[in-house]
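# Coordinate inspection notes
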Amino acid sequence: MRPISISLILAAALASGGAMPALARQSADPIAVCAMADSQPRRVDREAIVTVCDAALASPGLAANERARLLVVRAFAHWRLDNNAEAERDAREALKLLPGDADALLARGVAQQDQDKIDAAAADFETVLKADPRNKLALVYRGGLKRWNRDDPKGARVDYDAALAVDPRFVQALLRRADLLMNTDLAAAERDARAAVAIATDDSAAWMELGSVMEAQDRPKEAFAIYDQIVRKDPKDALIVAYRGVMRLWLEDPSGALRDADLAIAIDPKMAYAQIARGRALAALKRDEGAAAAYRKAAQLQPAYADAWVKLAQTRRRQGKQAEGLAAVEEGLKGSPKDGDLLFNRALLLSELSDRRKDALAAYDAAIEAQPTAAAYYNRAQLRSDKDDHKGALADYRKAAELAPNDPDALNGVGMELSALNEDAEGELKAYDAALAADPKNTDAVINKAIYYADREAWPKALEQYQIAVAAQPERADLRVGLADTLTSMGRLDAARVEYDRALRLDPKRVAAWGGRAWLNQLAGRLRDAKADYDRAIVLAPDDAKLLVGRASALRKDDKGAAAMADLNAAVKLQPRSAFVLNNRGLALAETSHLDEALADYGAAIAADPDYEPAYYNRAGVFMDQDRYDRAIRDLNVSLRLSPGDAMTLSRKGRCYWYLKDYRRALEELDAALAANPGDAETLRWRAKVKTELGDIAGAQADVAAADKLATT
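Residues numbered from 1 in each chain as written. Predicted model: local features only at pLDDT ≥ 70, side-chain atom pairs only at ≥ 80, totals over all residues. Heavy atoms only, no water.

The helix and strand inventory of the chain stands at 40 helices and zero strands. Compactness check: the chain gives a C-alpha radius of gyration of 38 Å against a globular reference of 27 Å for 713 residues, more than 25% above the reference. Expressed along its principal axes, the backbone C-alpha trace of the chain runs to roughly 130 × 45 × 40 Å. Here the chain holds 713 residues, and the buried ones make up 52% of them. Look at the contacts in the chain between residues 6 or more apart in sequence, and 48% of them connect residues 24 or more apart. Accessible surface computed for the chain: about 32,900 Å², of which carbon and sulfur atoms make up 50%. (Helix = DSSP H or I, 4+ residues; strand = E, 2+ residues; numbered from the N terminus. Rg over C-alpha atoms; globule rule 2.2 N^0.38 Å. Buried < 20%, exposed > 50% of the residue type's maximum accessible area, 1.4 Å probe, protein only. Contact = heavy atoms within 4.5 Å. Areas by Shrake-Rupley, 256 points an atom, 1.4 Å probe, with all protein chains shown as cover.)

Next up on the list: unusual backbone geometry. Even without being glycine, D388 reaches a positive phi, approximately 65°. For D388, a relative accessible area of 59% translates into the label exposed.

What follows concerns the nonpolar core. Formed by 211 residues in total, the largest nonpolar core has its most connected members in F76, L106, Y141, Y227 and Y273. Among the nonpolar cores identified, the runner-up in size contains six residues, and Y432, Y452, Y453 and A454 belong to it. (Core = buried A, V, L, I, M, F, W, Y, C linked by side-chain atoms within 4.5 Å.)

It is worth spelling out the confidence of the model for the chain at this point. Scored by pLDDT, the chain comes out at a mean of 92, with 95% of its residues at no less than 70. Within the model, the stretch residues 1-27 combines pLDDT values under 50 with 80 contacts to residues more than four positions away or in other chains. (pLDDT = per-residue confidence, 0-100.)

Bringing the packing of helix α14 (residues 254-267) against helix α15 (residues 272-284) into the picture now. Orientation of α14 relative to α15, taken along the N-to-C sense of each, is 155°, at an axis distance of 8 Å. One finds that α14 runs roughly antiparallel with respect to α15. Where α14 crosses over α15, the two elements pack in a sense that is left-handed. Contact residues: P254, A257, L258, A261, D262, A264 and I265 in α14; A274, Q275, A277, R278, A281, L282 and A284 in α15. Here the residues of the contact of α14 with α15 are counted per class, giving 11 nonpolar, one polar and two charged. (Axes fitted to C-alpha atoms, helices over the stretch in contact; angles between N-to-C directions. Parallel < 35°, antiparallel > 145°, perpendicular 65-115°, else oblique. Left-handed = near helix turned anticlockwise from the far one by under 90°. Nonpolar A, V, L, I, M, F, W, Y, C, P; charged D, E, K, R; others polar.)

Here we take up the pattern of salt bridges. Tallying each qualifying case throughout the model produces 68 salt bridges. Residue R510 is joined to D507 by a salt bridge in which the shortest nitrogen-to-oxygen separation is 3.4 Å. For R510, a relative accessible area of 29% corresponds to the partly exposed category. Look at D507 and you get partly exposed, because its relative accessible area is 23%. (Salt bridge = Lys/Arg side-chain N within 4 Å of Asp/Glu carboxyl O.)

For the pair helix α39 (residues 681-693) and helix α40 (residues 697-712), interaxial distance at closest approach is 8 Å and the crossing angle is 165°. Between α39 and α40, the interaxial angle falls into the category roughly antiparallel. Classified by chirality, the crossing of α40 by α39 is left-handed. The segment α39 lies against α40, with A681, L684, R685, R687, A688, K691 and T692 engaging I697, G699, A700, D703, V704, A706, A707, D708, L710 and A711. Taken together, the residues of the contact of α39 with α40 break down into 10 nonpolar, two polar and five charged.

A separate point is the side chain of D533. Counting through the fold element by element, D533 comes out in helix α30 (residues 527-540). For D533, a relative accessible area of 5% gives the class buried. Among the polar contacts listed, one links the side chain of D533 to the side chain of N521, at a separation of 3.0 Å. Each residue touching D533, except ones within four places of it in the same chain, is listed here: W514, R517, A518 and N521. (Polar contact = N/O pair within 3.5 Å; in protein donor to acceptor, adjacent residues only side chain to side chain.)

A few words now on the packing of aromatic side chains. The description of two aromatic rings rests on the distance between their centres and on the angle between their planes. Under the defined criterion, the tally for this structure stands at 12 aromatic pairs. With 6.2 Å between their ring centres and 75° between their planes, F76 and W79 make a pair best called edge-to-face. Highlighted residues: F76 and W79, both in helix α3 (residues 64-80), separated by three residues, approximately one helical turn. The buried category is assigned to F76, whose relative accessible area is 1%. Between Y629 and Y659 the ring centres are 5.0 Å apart and the planes differ by 10°, which places this aromatic pair in the stacked class. Residue Y629 is located in helix α36 (residues 629-642), and its partner Y659 is located in helix α37 (residues 647-659); the two are separated by 30 residues in the primary sequence. For Y629, a relative accessible area of 11% corresponds to the buried category. Through successive ring pairs, a cluster of aromatic residues spans Y629, W658, Y659, Y663 and W686. Looking at R456, its charged tip hangs above the ring of Y452, at a distance of 3.8 Å from the centre. Across from the ring centre of Y617, 4.0 Å away, lies the NZ or CZ of R652, which sits over that ring. (Phe/Tyr/Trp six-rings, centres within 6.5 Å; stacked < 30°, edge-to-face > 60°. Lys NZ or Arg CZ within 6 Å of the ring centre and 35° of its normal.)

This part takes up helix α13 (residues 238-250). The terminal C-alpha atoms of α13, which comprises 13 residues, lie 19 Å apart, in line with the 18 Å expected from a rise of 1.5 Å per residue. Among the 13 residues in α13, 12 count as buried, and that is most of the element. Of the positions making up α13, those classed as buried are A238, L239, I240, V241, A242, Y243, R244, G245, V246, M247, R248 and L249. Buried-residue contacts for α13 involve α11 (204-216), α12 (220-233), α14 and α15. By the N-cap criterion, in which a side-chain oxygen at the helix start approaches the backbone nitrogen of a residue two or three places on, α13 is capped by D237, the distance to L239 being 3.1 Å. Once α13 finishes, E252 follows within two positions and takes phi at roughly 60°, a positive value. (Expected span 1.5 Å × (residues − 1).)

Here the focus is the environment of R634. The residue R634 is located in helix α36 in this model. Accessibility expressed as a relative area gives 53% for R634, which makes it exposed. For the pair R634 and K653, spaced 19 residues apart in the sequence, the C-alpha separation amounts to 9.5 Å.

Looking now at α12. Over its 14 residues, α12 extends 20 Å from the first C-alpha to the last, a length consistent with the 20 Å expected when each residue adds 1.5 Å. Of the positions making up α12, those classed as buried are P220, A223, F224, I226, Y227, D228, I230 and V231.

Have a look at this one:
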């Protein structure tokens, strides 16, 4: 629903006023015409009421009560024209003549409400209702104040229902209740709007509300037809002309929308909403500077009109002018300091300005306090995740999903944060499944499931998900890389190469594709090709330490130790606290018998990440080379705590006990290693040696035979 003044939504009616025929058929006596006048549905008639009441009030010899009645009529006419200061002045003059008059109090109340004098307006409505609890107009006006100014939609509904209990055919109450119901029950809103139209077939406010209901139901053709009908009856109503223009945008006619906006401005140059409509039309025509100028004009006309500042800020953001967008938001907040949309856009713009990003989190806190929307929680979750506050991010994503249960993005966020926390694998998978239930075509959820399975080395399931994702979006190079990586892990190198090649044809600058194909070539023993691919990747991403480590690995296999060490040193310089990088340099140093330096790197890797298991395993190997078996066993125990049942670690631990001549303990560890991996020929040979020492010659021979058989297959 477009935010507009309440006075422009509903027809005003005097509590004691009667219906009147068209002004053109009235007596020529201005006093009689003004005294009989009800607020008219057409703007031209409202303007005529003001004119005729001006003449009537200038008549000599008016009695006090007669003058008061004329002032009240003119006050309501002014209010309907958005001349709120004039309306309040007339109502006050009437109250001087008739203190406590209900109609005058209501006229003053609505004029004050539209000038943001909320407490004073509420006091006037309460005064009327205290004297007459069944005053239907006072109930309607108090309900509107509760809704728009007190953030009390339930209280508003109570007042609207009470007014309709007094008079079931009270059009104003039907219209206000319809407008309220658009937030919760569109079918009920339509019923109320149609009931109002049936009662007041010539009331443009009733038709306008029905048009708004059509908009809310995404029925733009019907809404346009309604607004067009109103404009034909009342061509001087700028607001309806502007509404019709906005509907032209929905119907993909931006040029027509611009014509209507300009017509509305010509009718009423001071109407801020007409400028908003013009800005939207210009934006649709890709004329952003013109759109920005229109939004700024709207804000100048009505400085507290938050939507004008929001749209100006959004336009600047779309242009990449975040600083100007932020300035617009800050200006808007001066007039509307608690507006949720302004606060949300402030936070969004701060998050996109590198020098102000640190302030974005607090800005989202303020936005959520003012207006707790799914979008605000979602964006704050992203910021928290970036700061490694995964628990906070998870809570925000869950709140976003609660507020927008059909939004797959929030559900994906829940799954990703659970993955980062590594504490609820089942919940993570359920979150992705929920995202797919909300949107079966959500590729992000499919990709997240693929990653979930890949992390657990459930390669066939990962492959299935990547294949679904690639089928949905075959032109995405990143998905081809994920599919290729999975195929590589499954040992399907030829199929993986095909996917890497496809990815590179789609995006020759896709670093992950060059790096993945380099690793594939390395696995296949094509070291020259591997180095060439690493070279291409590193040209594109010279600060990627993992690529330097990968190229160093290929160079080591190709007996180019000096070049490999240069890459490893460069990687350590880039990431001096990366356990992965330090561990790999430790491996290279150990291979070249620089054992003390290797131990230093492994120690640094463990200091950087005490849960990085490979560093313990590899350091144990150096300790074994130094005959420090007790120290090796200590590291291998940590390795097994971090990676329980790992066959390679158990086998290495068994060898330590062999060297310590603890053959029975060695046999226990080697048995456990072979239980985890029965096809390890090297471990079989070590167990044969242990069995020989224990006098189990037959068992030793059987292990040797099994190892030989494995070597020949």
